[in-house]
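Coordinate inspection notes
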Amino acid sequence: MESRNTAFLVASAFAVAVLCACAPSDSSEQPSTRTGSSERNSTVTDELDAPWSIAFHGTTALVSERDSARILEIGADGTQHEVGRIDDVEAVGEGGLLGIAVRGEQLFAYYTADDDNRIERFDLTGQPGNLALGGGTTILTGLPAAANHNGGRIAFGPDGMLYATAGDAGDRRTAQDRAILAGKILRMTPDGQAPADNPVPGSLVYSYGHRNPQGITWAPDGRMFASEFGQNTWDELNLIEPGGNYGWPEVEGIANRAGFIDPVQQWRPSEASPSGMTNTGGSLYIANLRGERLFRVPLDNLTESTEYLVGEYGRLRDIAVAPDGALWLLTNNTDGRGDPNPGDDRIIRLELDR
């Protein structure tokens, strides 16, 4: 009996050692993060109401407000002019007027309606300082909508196509079903059609297996990146490949499982909740909501990051590069989840050490 017990203990110890060797360590899971500093930051404008997205029409900044359904024009002196309101917006939970993008004299808006999320295209009329929304054309309907996980970011890629992030709308199973547009990154023409060179002919799906992606940008070399909210364990920075499967809900974060593409970097949700993102000067910049900080990730080393502004401005929803090269950061403290300070929400012009 004693020899059998001894053999069992030896075998058990060996099994534990093997499991420990296979399990990733905390240090391998966490990014190499340092803290940076910022100087001479200034407020461009304030008193915004649950703002969600910044886009530039030439040198003119446009901002969407989730709950009011307003598009605002921001003057050089910070004055706000209402360009228009989108009538069909239904602001419930995280839904409402979300991402906007500009192409020529047209504005594209992603928003939550009665039964779905959709994308509409509007003519921009008038001159800077007095812009207005002209007639609208709906180019995409039927995106699943819910109180949570609506995705909502739209942007034109370097190929001239319109990309949109669609969340799983609270139904995680849809992310792996390529026949459903939820839990996906979509690619379409400016008329909402599937380009002939999409991964699946006739389908808008560009990548799948996403939970709630909210930021997209392209590096100068053409690489596409997306930020994504995780469930409880890991938020993600993903390098997007056409037709790629990013794992949700089968995996969350770096899993090293065949068939799924791992993120290039991951963070604990309490430190991140990544939303809008952009890139300039050889780095990605990612605005974070729950983590109340800005990440900078160098494009030549995607496993490192520097954090800025931790807790200084509260929740951060979007970031964009202004025509003069400055970074404009959009706070998001009046959306019902933040703790607004007097003057919130606002746009901050940043000067960071790099």
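What you see is a predicted model; the values in this text were computed from it and never measured. What you see as residue numbers is a count from 1 along each chain, following the sequence as written. With the structure being a predicted model, the display of local features is reserved for residues of pLDDT at least 70 and the display and counting of side-chain atom pairs for 80 or more, all residues being used for whole-chain, interface and lining totals. Based on all heavy atoms of the structure, the side-chain values leave hydrogens and waters out of the count.

Ranked by internal contacts, the top residues of the largest apolar core, which has 20 residues, are Tyr-110, Ile-119, Leu-140, Ile-154, Leu-162, Leu-186 and Met-188. Numbering of helices and strands starts at the N terminus; helices are DSSP runs of H or I of at least 4 residues and strands are runs of E of at least 2. Of all the secondary-structure elements, those providing two or more residues to this core are strand E7 (97-103), strand E8 (106-112), strand E10 (132-143), strand E11 (154-156), strand E12 (162-166), strand E13 (184-188) and strand E14 (205-208). Should any heavy atoms of two residues lie within 4.5 Å, those residues are considered in contact. With residues near it in sequence (within four places) discarded, Ile-154 still touches Gly-99, Ile-100, Ala-101, Phe-108, Ala-109, Tyr-110, Ile-119, Leu-162, Tyr-163, Ala-164 and Ile-216. Here, nonpolar core refers to any group of buried Ala, Val, Leu, Ile, Met, Phe, Trp, Tyr and Cys residues whose side-chain atoms link them within 4.5 Å. Only protein chains enter the accessibility calculation, which uses a 1.4 Å probe; a residue is then buried when its area is under 20% of its type maximum, exposed when over 50%, and partly exposed in between.

Moving on, we come to the sheet that holds strand E17 (residues 235-240). An order of E15-E16-E17-E18 is seen for the 4 strands of this open sheet, with the pairing classed as antiparallel. For this open sheet the edge positions go to strand E15 (212-218) and strand E18 (265-267), each flanked by a neighbour on one side alone. Each strand axis lies, on average, 20° off the axis of its neighbour in the sheet, ignoring direction. Pairs of strands are assigned from DSSP output, requiring at least two bridges between the strands. Structural elements are reduced to axes, namely lines fitted to C-alpha atoms, with helices fitted over the stretch in contact, and the angle between N-to-C directions of any two is expressed from 0 to 180 degrees.

Looking now at the side chain of Gln-214. Structurally, Gln-214 can be placed in strand E15. On the accessibility criterion, Gln-214 (5% relative accessible area) is buried. Contacts described as polar in this section are N or O atom pairs within 3.5 Å, which, within protein, must combine one atom able to donate a hydrogen with one able to accept it, while residues neighboring in sequence count only if both atoms come from side chains. Of note is the side chain of Gln-214, whose polar atom sits 3.0 Å from the side chain of Ser-275. Side-chain polar atoms of Gln-214 contact the side chain of Arg-317, separated by 2.8 Å. Those residues in contact with Gln-214 that sit more than four places away from it in its chain are Trp-52, Gly-151, Arg-153, Thr-165, Ser-227, Phe-229, Pro-274, Ser-275, Gly-276 and Arg-317.

The next point concerns the pattern of salt bridges. By definition here, a salt bridge exists when the distance from a side-chain nitrogen of Lys or Arg to a carboxyl oxygen of Asp or Glu is within 4 Å. Taken as a whole and judged by the stated rule, the model has 19 salt bridges. For Glu-351, the salt bridge goes to Arg-40, with nearest N and O atoms at 3.1 Å. Taken together, the residues Glu-351 in the segment after strand E25 (347-350) and Arg-40 in the loop between strand E1 (32-35) and strand E2 (42-45) connect sequence positions 311 residues apart. Under the relative-accessibility criterion, Glu-351 is labelled partly exposed at 29%. For Arg-40, a relative accessible area of 58% translates into the label exposed. Residue Arg-70 is joined to Glu-65 by a salt bridge in which the shortest nitrogen-to-oxygen separation is 2.8 Å. Each member of the pair, Arg-70 together with Glu-65, is buried.

Once that is clear, we can look at the side chain of Thr-165. Looking at the secondary structure, you find Thr-165 in strand E12. In terms of polar contacts, Thr-165 uses its side chain to reach the backbone carbonyl oxygen of Pro-213, at 2.8 Å. Sequence-distant contacts of Thr-165, that is, excluding residues within four places in its chain, are made with Tyr-110, Asn-150, Gly-151, Gly-152, Arg-153, Lys-184, Ile-185, Pro-213, Gln-214 and Ile-216.

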